[in-house]
Amino acid sequence: MRILLMSTSVGPFGSGIGGGVELTIYNLAQELMARSHQIQLVAPVGSSADTLALTTIPGEVHPFAQNESRSADIRVPARSVLNAMWQFAQTLQHSYDLILNFAYDWLPFYLTPFFDTPVAHFVSMGSLLDPIDDLIRQCAHRFPHRLGAYTQTQADTFGLGLPWQILSSGIDLNLYEYQPQAEPALAWVARIAPEKGLEDAAAAAAATGLELRILGKMQDESYWQWVQSQVPAAQLTYLGFHPTPVMQAHLGRCQGLLMTPKWIEAFGNVAIEALACGVPVISYARGAHRNHQTWQDRLFSGTRWH
Ligand code: UDP
């Protein structure tokens, strides 16, 4: 098949701003190509994608859904990159057998009935915003079997009562190395943003007396400053955002990975990446795998980031 992959509109592909969906797109594209499908990726200007055929589109990136309140109106930047990406897809649609959307944004779901070429959606978030969820619901009713999710628990957050394609996630194990000796440190790997709950991991690290090594895109500098001020006893080492080979080498040297999400994590690729390095994962039972109250309030009962 000839498949057009439509990337997230929150940032350039390869920058890390898009989070785990960037790795999902990359791995999926590699596997589809290995199965002889023709793949073309469409992503915002500034993107880079190694060997993937890539078309970059100019325009303004979109705000993060996780920073909006559930019933808020959808905000569209004046020169929206998402609009431009979908105009491009509309123009080229007859050259493709399938258009596969990865953006949790209203436009791709709204446009689905207006395309001749089938549009399918890999939804990489849990339910977050009512206006988008409404369009996902309409899409599901009108086009059953065109919605995919990582896990059933993630799909259930939308409460559609309709079947989803459960696609799971995957990584290329060749890129990860098992390291038998660990150093006295814990790892935390995520975008540095409030919904990832770094303050809880810092508190846990402080309680153990272990260094916390932090890897991930610096999305919110003021939040990072706040975490440091809240947990002065924690030994926090920010190592930056790195390509997978470098990231996994750091991660593999740690005794464990802490995952402390404050939101319904759609999957959390870093969990399977840590396991691929032989690093145990200590996580809240929240997100794609489970969804109930956790012990976070006991661990960190101080001020909350708002
Ligand atoms: N990541 C990376 N380099 C780093 C730190 C993180 O490539 O230095 C990647 C990691 O491989 C993972 C993504 O960032 O794919 C984080 O995705 P996750 O699904 O855990 O959370 P999200 O950001 O999507 O909420």
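Here is a short report on the structure shown in this document. (Residues numbered from 1 in each chain as written. Predicted model: local features only at pLDDT ≥ 70, side-chain atom pairs only at ≥ 80, totals over all residues. Heavy atoms only, no water.)

**Some words on the pattern of salt bridges**
Okay, step 1: For the structure shown, the criterion picks out 13 salt bridges.
Okay, step 2: Between R70 and D133 there is a salt bridge, with the nearest N and O atoms lying 3.6 Å from each other. A residue pair is termed long-range when its members are at least 10 positions apart, and R70 in the loop between β3 (54-57) and α2 (81-92) and D133 in helix α4 (residues 130-142) qualify at 63 residues.
Okay, step 3: Residue D133 is classed as buried on the basis of its relative accessible area, which comes to 5%. (Salt bridge = Lys/Arg side-chain N within 4 Å of Asp/Glu carboxyl O. Helix = DSSP H or I, 4+ residues; strand = E, 2+ residues; numbered from the N terminus. Buried < 20%, exposed > 50% of the residue type's maximum accessible area, 1.4 Å probe, protein only.)

**What about the packing of helix α6 (residues 198-208) against helix α7 (residues 221-230)?**
Okay, step 1: Contact geometry of α6 with α7 gives a least axis separation of 10 Å together with a crossing angle of 30°. Here α6 lies roughly parallel to α7, going by the angle between them. Regarding α6 and α7, the two cross each other, and that crossing is right-handed. Residues L198, E199 and A202 of α6 lie in contact with α7, whose contacting residues are Y223, W224, W226 and V227.
Okay, step 2: Its residues assigned to classes, the contact of α6 with α7 comprises 6 nonpolar, no polar and 1 charged. (Axes fitted to C-alpha atoms, helices over the stretch in contact; angles between N-to-C directions. Parallel < 35°, antiparallel > 145°, perpendicular 65-115°, else oblique. Left-handed = near helix turned anticlockwise from the far one by under 90°. Contact = heavy atoms within 4.5 Å. Nonpolar A, V, L, I, M, F, W, Y, C, P; charged D, E, K, R; others polar.)

**Here we look at the environment of E177**
Okay, step 1: Its place among the elements puts E177 in the loop between β7 (165-166) and β8 (185-189).
Okay, step 2: Put simply, E177 and Q248 are 71 residues apart on the chain and 7.4 Å apart in space, counted from C-alpha to C-alpha.

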